[in-house]
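Summary of the model geometry
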Protein chains: 2
Amino acid sequence: MKGTSIKDIAKKLEVSNATVSLVLSGKDKDGRVSKEVAEKIIATAKMMNYQPNNIARSLRMGHSQTIGLIVADISNSFFSTLAFYIQEEAEKYGYTVIITNTNESVDKIETMINMFRNRQVDGFLIVPTEYSEEYIQKLVEDHVPLVLIDRYFPSVQCSYVVIDNYRASLEATRLLIEQGCKDIVLFTYKNLLPHILERKSGYMDALAYAGLAEKPCVKEIRYSHISEDIDKSVDELFADGCKVDGILFATNSLSMYGVRSIMRKNIAIPNDVKIVCFDKNEAFDFLPTPIPYVLQPIAEIGQKAVNLLIEQIKAKQNAPKAIQILKLAATLHNDLL
Amino acid sequence: MKGTSIKDIAKKLEVSNATVSLVLSGKDKDGRVSKEVAEKIIATAKMMNYQPNNIARSLRMGHSQTIGLIVADISNSFFSTLAFYIQEEAEKYGYTVIITNTNESVDKIETMINMFRNRQVDGFLIVPTEYSEEYIQKLVEDHVPLVLIDRYFPSVQCSYVVIDNYRASLEATRLLIEQGCKDIVLFTYKNLLPHILERKSGYMDALAYAGLAEKPCVKEIRYSHISEDIDKSVDELFADGCKVDGILFATNSLSMYGVRSIMRKNIAIPNDVKIVCFDKNEAFDFLPTPIPYVLQPIAEIGQKAVNLLIEQIKAKQNAPKAIQILKLAATLHNDLL
DNA sequence: CTGAAAGCGCTTACAG
DNA sequence: CTGAAAGCGCTTACAG
């Protein structure tokens, strides 16, 4: 595996390391190196199968051209799609993206952050988990370039890219109300992250505006026990004597499990109960009637986050970093119409 | 961002860099360093917020504890799930996984391989794209630790982990035959990769064994034009005068688009046409009748691949690497029963 | 028990 | 137009 180094080429050609480095990294502008020498260097580099060692380069330069991306669950299509766009965008600027997974665990997020710092990433893109404020705060204090994605902490002063969750949820709930629903239930995670709370507020306020304020019914599902908690809630909701005619699912994973659970009980969508959910879910194409959904601009979220981060990385030396908050609009899609 | 280095700690405590390094990397066994000095070092490291610089460590040690994973499409759940398990397994051995995407493009695979080599990954895990033999071959010639996943090239002598695609396809086709299908169509990619060809052979042989050899009908879909090609094929198959009573989809993406296309034409599954596909697809839970599928042992594929790769990395110096080929069994699932 | 020194492969002022 | 030299932060033989 031991390959050719700049030194090997320099020795062979009897020139200095500096000259070889200059030529090979394309910095021999303004006739710094004579044409013949330059050509000879390039030719031998090719011949000797020279591969630059970016580790050495990073050490010397003080940056690694690497971005650390920490997502909550890479096997969730929202995040894998996000990762895809982030990588595409980062590549344009010559950055490599290292992805890891926390599985919504605080312990893991701490480990992952340390690992990335040790590997000298130039900046962080993080989908933070519940209770991870202190680790994010630490990064901010250490002036590490950082952009939060999809979620944020009001107490932590840093840039983030999210959607307007309150509005998205408000409009989604309104769609159910417009369709005549009177008893609308929200399925959400048992989670204190603000974006989740905002989705709850949007739901509550929509009910209030419609004079349905006495009837909120929120089912809080544990992420780690999603399947059983959902089944239990669905059982309760559709037990004799209960009446539910609309459900809003606050995330794609919740809607996936929820709709499945409802179907197993032979409850008809939308006849028995109307549904709206967050995120486009291809699976719902196979239902007899499409389910309206809140579409998040995933590509844009990813691109903007990368742009913000790179700005920070570039500006690092100079002024104190300006905090930028991007709240993008999500759009309600209703294929019924 | 400029942090504390070993040197800073050494200077502060007036000991040598060597001593600090030894203590901080936990190599002060056998009373190499006195207890008091060690404790002082650990305390100041904590106080000064010391973060080891793995870039420097990698340069010095000649390895980066990093594995490069190249997949064909991270937004495809088969690959994102695979990535998830690979990361989990690699983490156990202290390796970080860097993931990138080729989107089935040969050009990209070349770029990605070079990028990873420049970043000094210790080994490669690759889902190779069509026509990428030469780049894989190059890696083999350069003795770079490497394990191919999901796909392989007969002409390239290297380790790989795949499933028994021929058998899986044979059995899937047989299931259709057992259910009484006489006119069975295979939807596959227009692609010369052996695993795809094996899926085709399995289908052909199953027909032959059943005396249906005159009736093979293979629809080859272009990956880059999946939607239109599938719609066109479905149109042809279900035009007047044609008869099709069974379809085998050779990949999960094909089945996703295919089933959707069939449903749009109001063709009933399984009454009008019976279907079997590769890979579990959660979306199909929402169909009135479940679709039988070939279940690949994704976790096992990922784990075995990591294990094989780490063996190679560890053995690197010594003997010529033994080539290991793992052909795992896939299982046919039929929830109808 | 501890220190001085070399070196991993690169880049970049500096000197000529 | 080109070279000699220092240094990024770490580890590890070697010497004491």
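Just above sits the structure.
Below: a short report on this structure. What you see is a predicted model, and the numbers here were worked out from it, not measured in a lab.

All right, on to the pairing of strand β4 (residues 146-149) of chain A then. Residue and element names in this part refer to chain A. Side chains Leu-146 and Leu-148 of β4 all project onto a buried face; the interleaved residues Val-147 and Ile-149 project onto the opposite face, where all are buried too. Pairing of strand β3 (residues 123-126) with β4, which is carried by three bridges, proceeds in the parallel orientation. Opposite Phe-124, over in β4, you have Leu-146 as the bridge partner. Pairing geometry for β4 and strand β5 (residues 159-163), over three bridges, is parallel. Looking at β5, one finds that Ile-149 is bridged to Val-161.

Let us now look at the nonpolar core. Counting 146 residues, the largest nonpolar core has Leu125(A) and Leu125(B) as its most contacted members. With sequence-adjacent residues up to four places away left out, Leu125(B) is seen in contact with Ile67(B), Gly68(B), Leu69(B), Ile70(B), Ile86(B), Val147(B), Ile149(B), Ala305(B), Val306(B) and Leu309(B). Phe116(A), Ile126(B), Ile136(B) and Tyr152(B) belong to the second largest nonpolar core, which has 46 residues in total.

The next thing to look at is the interface of chain B and chain A. The partner chain A presents 51 residues to the 51 residues of chain B that form the contact. Counting each side, the surface lost to burial between chain B and chain A is near 4,700 Å², with a carbon and sulfur contribution of 56%. At the boundary of chain B with chain A, the tally comes to six salt bridges. Across the salt bridge formed by Arg260(A) and Asp285(B), the nearest N and O atoms sit 2.1 Å from each other. The interface formed by chain B and chain A contains 18 residue pairs in polar contact (both at pLDDT 80 or more). Secondary-structure elements contributing two or more residues to the side of chain B that touches chain A are α4 (54-61), α5 (77-92), β2 (96-101), α6 (106-118) and α11 (252-264) of chain B. For the side of chain B that touches chain A, the leading source of residues is β2(B), giving six residues. Its residues placed into classes, the side of chain B that touches chain A shows 21 nonpolar, 20 polar and ten charged.

We now examine the state of the cysteines. Per the counting criterion, the structure on display carries zero disulfides over all chains. The cysteine Cys277(A) is free of any disulfide, with Cys181(A) supplying the nearest cysteine sulfur at 14 Å.

Residue and element names in this part refer to chain B. One way to put it is that helix α1 (residues 6-13) packs onto helix α3 (residues 35-47) with a least axis distance of 10 Å and a crossing angle of 125°. With respect to each other, α1 and α3 are oriented oblique. Along this stretch, α1 crosses α3, giving a crossing that reads as right-handed. Here α1 contributes Ile-9, Lys-12 and Leu-13 to the contact with α3, which in turn contributes Lys-40, Ile-41, Thr-44, Ala-45 and Met-47. In terms of residue class, the contact of α1 with α3 is built from five nonpolar, one polar and two charged.

Residues and elements named next belong to chain B. One open sheet accounts for six strands, arranged β2-β1-β3-β4-β5-β11; its pairing is parallel. The open sheet has two edge strands, β2 and β11 (325-328), and neither has a second partner. The sheet shows a mean angle of 15° between the axes of neighbouring strands, direction not considered. Note that strand β1 (residues 66-71) and strand β3 (residues 123-126) share four bridges and pair parallel.

Turning our attention to the relation of the copies chain B and chain A. Taken as rigid bodies, chain B and chain A are interconverted by a rotation of 180° and an axial shift of 0.0 Å, the fit giving an RMSD of 0.0 Å. In short, the pair behaves as if placed about a two-fold rotation axis. Proximity to the rotation axis, assessed at the C-alpha, singles out Ala283(B) in chain B; its C-alpha lies 1.9 Å from the axis. A shared interface surface links the copies, since 100% of the contact residues of chain B are contact residues in chain A too.

Here we take up the pattern of salt bridges. Within this structure, the stated rule accounts for 32 salt bridges over all chains. Measuring nitrogen to oxygen at the nearest pair gives 3.9 Å for the salt bridge that ties Glu91(A) to Lys108(B). Placement of the pair is Glu91(A) in helix α5 (residues 77-92) and Lys108(B) in helix α6, with the two residues belonging to separate chains. Glu220(B) is the salt-bridge partner of Lys200(B), the closest N and O atoms lying 3.4 Å from each other. Separated by 20 residues along the polypeptide, Lys200(B) in helix α9 (residues 194-209) and Glu220(B) in strand β7 (residues 217-221) bring together distant segments of the chain. Glu220(B) sits in the partly exposed class, given a relative accessible area of 38%. Connected via shared salt-bridge partners are Glu104(A), Asp150(A) and Arg151(A).

The rules behind the values
Residues numbered from 1 in each chain as written. Chains lettered and ligands numbered in written order. Predicted model: local features only at pLDDT ≥ 70, side-chain atom pairs only at ≥ 80, totals over all residues. Heavy atoms only, no water. Buried < 20%, exposed > 50% of the residue type's maximum accessible area, 1.4 Å probe, protein only. Helix = DSSP H or I, 4+ residues; strand = E, 2+ residues; numbered from the N terminus. Pairing = 2+ DSSP bridges. Core = buried A, V, L, I, M, F, W, Y, C linked by side-chain atoms within 4.5 Å. Contact = heavy atoms within 4.5 Å. Buried area = accessible area lost by both parts, 1.4 Å probe. Salt bridge = Lys/Arg side-chain N within 4 Å of Asp/Glu carboxyl O. Polar contact = N/O pair within 3.5 Å; in protein donor to acceptor, adjacent residues only side chain to side chain. Nonpolar A, V, L, I, M, F, W, Y, C, P; charged D, E, K, R; others polar. Disulfide = S-S within 2.5 Å. Axes fitted to C-alpha atoms, helices over the stretch in contact; angles between N-to-C directions. Parallel < 35°, antiparallel > 145°, perpendicular 65-115°, else oblique. Left-handed = near helix turned anticlockwise from the far one by under 90°. Least-squares fit on C-alpha atoms with pLDDT ≥ 70 in both.

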